[in-house]
Amino acid sequence: MSEQEVAIAAAPEAAAVVSRVAACVEYKGTAYRGWQRQQPGVPSVQEAVEKALSRVANHPVQIFCAGRTDAGVHASCQVIHFDSEAVRSPRNWIHGANANLPADISLSWVTPIGQDFHARFSAVARRYRYVIYNDPIRPAHLAHEVTWNYRPLDVERMRAAAKALVGTHDFTSYRAVGCQAKSPIKTIHHLELLEFGRFIVLDIRANAFLHHMVRNIAGVLMQIGCGDQPVEWAEQVLDVRDRAQGGLTAPAYGLYLVDVTYPETFALPERYLGPHFLSALPDVAN
């Protein structure tokens, strides 16, 4: 065999093996202009995580997420994946990345995964929690991590109104005017209002979400809860299919991406539903 033939035969063995890794990212979104990488000088969660993972891998790492979050929105379990030639244990990925991340971002689990996994396209459902602090006095703690509503909210009215939104509907009235989704038709699997001390938690799971959909639902339900609108208004807003009739968009800082559902064949690690200060709240998903 010639020298050239030997080199060609050995090339596949010499090529670096690229492995896929899945991970869960937790972050406080207050200081960032959303998840997605921005122009230079504008902070994003994606940029911070990519920089940290790149240092651990010793090569540039590009990550893909389950769903981009807006400026000020948080996550207790944003699922990502990335490809790397580096050979690292899950423990090394976690501790190495966290040592290079700012205090408001951390990795909570890491696992090797097959090349058929995609953080966005393999997902079959996503789950959010919108956290309302209901008290006459403005809170000093968690000031940018919960939404403060000083007027008493009637949770039973909010629950009754929310029932009309469960199922498959055209959510045009509940999406941002600039939403770029191809279809406004989405399926809400569950929508519950939970009480935890002075917190009222809107817990919602759907196959997918439109831009500002959860925040617009929260805005409508809070107006109903404080008595500004009747219980029937949530359904009336849904039926009119006009965002201009949909009321106020609730602030971003009460919103958390808390879970992403994938087929069981991927066997991703499980973690308690966040945010961490609500970890004792029962899981009401069905």
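In short, a report on the structure. (Residues numbered from 1 in each chain as written. Predicted model: local features only at pLDDT ≥ 70, side-chain atom pairs only at ≥ 80, totals over all residues. Heavy atoms only, no water.)

Focus: helix H2 (residues 45-57)
So, step 1. Here H2 is 13 residues long and its end C-alpha atoms lie 18 Å apart, about the 18 Å a rise of 1.5 Å per residue gives.
So, step 2. Burial analysis of H2 places ten of its 13 residues in the buried class, the great majority of the element.
So, step 3. Of the positions making up H2, those classed as buried are Val45, Gln46, Ala48, Val49, Glu50, Ala52, Leu53, Ser54, Val56 and Ala57.
So, step 4. In this structure, the buried residues of H2 make contact with strand S1 (19-27), strand S2 (63-65), strand S3 (74-84), helix H3 (90-99) and strand S4 (105-113).
So, step 5. Between the side-chain oxygen at the start of H2 and the backbone nitrogen of glutamate 47 there is a gap of 3.2 Å, and the oxygen is on serine 44.
So, step 6. Phi turns positive one or two residues past the end of H2, at asparagine 58, with a value near 65°. (Helix = DSSP H or I, 4+ residues; strand = E, 2+ residues; numbered from the N terminus. Expected span 1.5 Å × (residues − 1). Buried < 20%, exposed > 50% of the residue type's maximum accessible area, 1.4 Å probe, protein only. Contact = heavy atoms within 4.5 Å. Polar contact = N/O pair within 3.5 Å; in protein donor to acceptor, adjacent residues only side chain to side chain.)

Let's talk about unusual backbone geometry
So, step 1. In this structure, the amide linkage connecting glycine 274 to the following residue, proline 275, adopts the cis form with an omega of -5°.
So, step 2. Inspection of the secondary structure assignment puts proline 275 in the segment after strand S10 (255-261).
So, step 3. Positive phi, close to 55°, is recorded for leucine 142, a residue that is not glycine.
So, step 4. Considering the arrangement of structural elements, one finds leucine 142 in the loop between strand S5 (125-134) and strand S6 (147-149).
So, step 5. For arginine 241, which is not glycine, the phi torsion reads 55° and is therefore positive.
So, step 6. Residue position: arginine 241 is located in the loop between helix H6 (233-240) and S10.
So, step 7. On the accessibility criterion, arginine 241 (53% relative accessible area) is exposed.

Here's the deal with the packing of aromatic side chains
So, step 1. Applying the stated criterion to the full structure yields ten aromatic pairs.
So, step 2. Measuring from ring centre to ring centre gives 5.0 Å for tyrosine 128 and phenylalanine 209, while their planes differ by 85°; the resulting arrangement is edge-to-face. Pair noted here: tyrosine 128 is in strand S5 and phenylalanine 209 is in the loop between strand S9 (199-206) and helix H5 (213-225), with a separation of 81 residues, a long-range link.
So, step 3. Both rings, one in tryptophan 148 and one in tyrosine 150, keep their centres 5.9 Å apart while their planes meet at 50°; by these two values the pair is tilted.
So, step 4. Judged by its relative accessible area of 34%, tryptophan 148 is partly exposed.
So, step 5. An aromatic cluster of three or more residues is present, and its members are Tyr133, Phe199, Tyr256 and Phe277. (Phe/Tyr/Trp six-rings, centres within 6.5 Å; stacked < 30°, edge-to-face > 60°.)

Observations concerning the nonpolar core
So, step 1. Ranked by size, the top nonpolar core spans 79 residues in total, and within it Leu53, Ile80, Leu202, Ile217 and Tyr262 carry the most contacts.
So, step 2. Examining the composition of this core, we find that eight residues originate from one element, H5, more than from any other.
So, step 3. Contact partners of leucine 53, with chain neighbours within four places excluded, come to Val61, Ile63, Ile80, Phe82, Trp93, Ala97 and Leu107.
So, step 4. Counting twelve residues, the second largest nonpolar core, distinct from the first, contains Tyr133, Leu194, Phe277 and Leu278. (Core = buried A, V, L, I, M, F, W, Y, C linked by side-chain atoms within 4.5 Å.)

Some thoughts on the side chain of asparagine 216
So, step 1. With respect to the helices and strands, asparagine 216 occurs in helix H5.
So, step 2. Relative accessible area serves as the criterion here: at 0%, asparagine 216 is assigned to the buried category.
So, step 3. A polar atom in the side chain of asparagine 216 sits 2.6 Å from the side chain of threonine 249.
So, step 4. If we ignore the near neighbours within four places in the chain, the residues touching asparagine 216 are Tyr174, Arg175, Ala176, Arg243, Leu248 and Thr249.

Quick notes on the side chain of serine 76
So, step 1. Summarising the element assignment, serine 76 is placed in strand S3.
So, step 2. Residue serine 76 is classed as buried on the basis of its relative accessible area of 8%.
So, step 3. With residues up to four places along the chain from it excluded, the contact list for serine 76 reads Cys24, Val25, Glu26, Leu257, Val258, Gly274 and Pro275.

Examining the environment of valine 45
So, step 1. The residue valine 45 is located in helix H2 in this model.
So, step 2. Among the residues examined, valine 45 registers a relative accessible area of 1% and is labelled buried.
So, step 3. Taking the C-alpha atoms as reference, valine 45 lies 18 Å from tyrosine 128; in sequence the two are 83 residues apart.
So, step 4. Residues within four places of valine 45 in sequence aside, it is in contact with Tyr27, Tyr32, Gly34, Trp35 and Ile105.

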